[in-house]
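Breakdown of the fold
Spelled out, the chains give:
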Amino acid sequence: MSVGRIFAVVGPSGAGKDTLMAAAQAAIPGLHLVRRVITRPEAAGGEPFEGVGEAEFQRRERAGGFALHWRAHGLAYGIPASVRETMASGGDVIFNGSRAMLDAAALAFPGLRVIHVTARPEVLARRLAARGRESAGQIAGRLARAVPPIPAGVPVTEIDNSDALEDAERAFIAAVQPEKV
């Protein structure tokens, strides 16, 4: 049996990463969508994740409970170590990542592939405003923020999710479709 592949899905807030990941999981039998561990309350909404306190996160980190972990925007994020078992049994894995952690992810997961989901700035601004979690100034600051480059040598698939969702879903599903042997 071959080892499964792993995909980091990155892109700005509002690009539709979680929506596209859910569509791929529904369309591809056996595709494993990682449920990240994050130091924020689950009631905060957004993607399905496991919310834990800082002390619990640090305990799991020390115990080797994460295959990968990073900090961004004042929060800690972890990819459970169990993804290695899923991959070892041949399962393909996708997780919502961050550009800032891609160097570490490429080291943790040889063969990592990146799916970069984007949308035009005006589309992102409209989607973020619809969420109602940030002021117009905060949204403008988020959109103006510099983003780190994707590490050289890591395969990247670019998907623009500015227009019809069905088009972006098709492109995303094609990017994670099991390879024919």
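Above: the structure in question.
Since this is a predicted model, take the numbers as computed values, not measurements.

This paragraph deals with the overall build of the protein chain. Check the secondary structure of the protein chain and you find 7 helices and 9 strands. The C-alpha radius of gyration of the protein chain comes to 16 Å, within 12% of the 16 Å expected for a compact globule of 181 residues. The principal-axis extent of the C-alpha atoms belonging to the protein chain is close to 50 × 40 × 30 Å. Taking all 181 residues of the protein chain together, the buried fraction comes to 41%. Sequence-distant contacts in the protein chain: of pairs separated by 6 or more residues, those separated by 24 or more amount to 67%. By element, 55% of the accessible surface of the protein chain is carried by carbon and sulfur atoms, the whole surface being about 9,400 Å². In the protein chain, which carries 21 positive and 19 negative side-chain charges, the distance between the mean positions of the two groups comes to 2 Å.

For the rest of this paragraph, the subject is the sheet that holds strand E3 (residues 37-38). Reading across the sheet, the 4 strands line up as E4-E3-E6-E5 and stay open at both edges, with mixed pairing between neighbours. Here the strands that pair on one side only, and so sit at the sheet edges, are strand E4 (50-51) and strand E5 (66-72).

This paragraph deals with helix H5 (residues 121-131). Of the positions making up H5, those classed as buried are Val123, Leu124 and Leu128. Across the axial projection of H5, the buried residues extend over an arc of 125°, all falling on one side. Opposite the buried face of H5, at more than 90 degrees from it, the exposed residues are Arg126 and Ala130. Against helix H6 (136-144) lie the buried residues of H5. Phi for Gly132, located one or two positions after H5, is positive at around 75°.

Within soluble globular proteins, side chains that are nonpolar generally end up buried alongside one another. Counting 26 residues, the largest nonpolar core has Leu68, Phe95, Leu102, Phe109 and Leu112 as the members making the most contacts within it. Of all the secondary-structure elements, those providing two or more residues to this core are strand E1 (6-10), E5, strand E6 (75-80), helix H3 (83-88), strand E7 (93-96) and helix H4 (102-108). For this core, the element with the highest residue contribution is E5, accounting for 4 residues. Apart from residues no more than four positions distant in its own chain, Leu112 is found in contact with Ile6, Phe7, Ala8, Phe95, Leu102, Ala105, Ala106, Val154 and Pro155. The next biggest cluster of nonpolar side chains, apart from the first, holds 20 residues, and it includes Ile28, Val123, Leu124 and Val176.

Cut-off values and rules
- Residues numbered from 1 in each chain as written.
- Predicted model: local features only at pLDDT ≥ 70, side-chain atom pairs only at ≥ 80, totals over all residues.
- Heavy atoms only, no water.
- Helix = DSSP H or I, 4+ residues; strand = E, 2+ residues; numbered from the N terminus.
- Rg over C-alpha atoms; globule rule 2.2 N^0.38 Å.
- Buried < 20%, exposed > 50% of the residue type's maximum accessible area, 1.4 Å probe, protein only.
- Contact = heavy atoms within 4.5 Å.
- Areas by Shrake-Rupley, 256 points an atom, 1.4 Å probe, with all protein chains shown as cover.
- Lys, Arg positive; Asp, Glu negative; His and termini not counted.
- Charge placed at Lys NZ, Arg CZ, Asp CG, Glu CD.
- Pairing = 2+ DSSP bridges.
- Arc of directions from axis to C-beta.
- Core = buried A, V, L, I, M, F, W, Y, C linked by side-chain atoms within 4.5 Å.

Remember, this is a structural readout, not a statement about activity or role.
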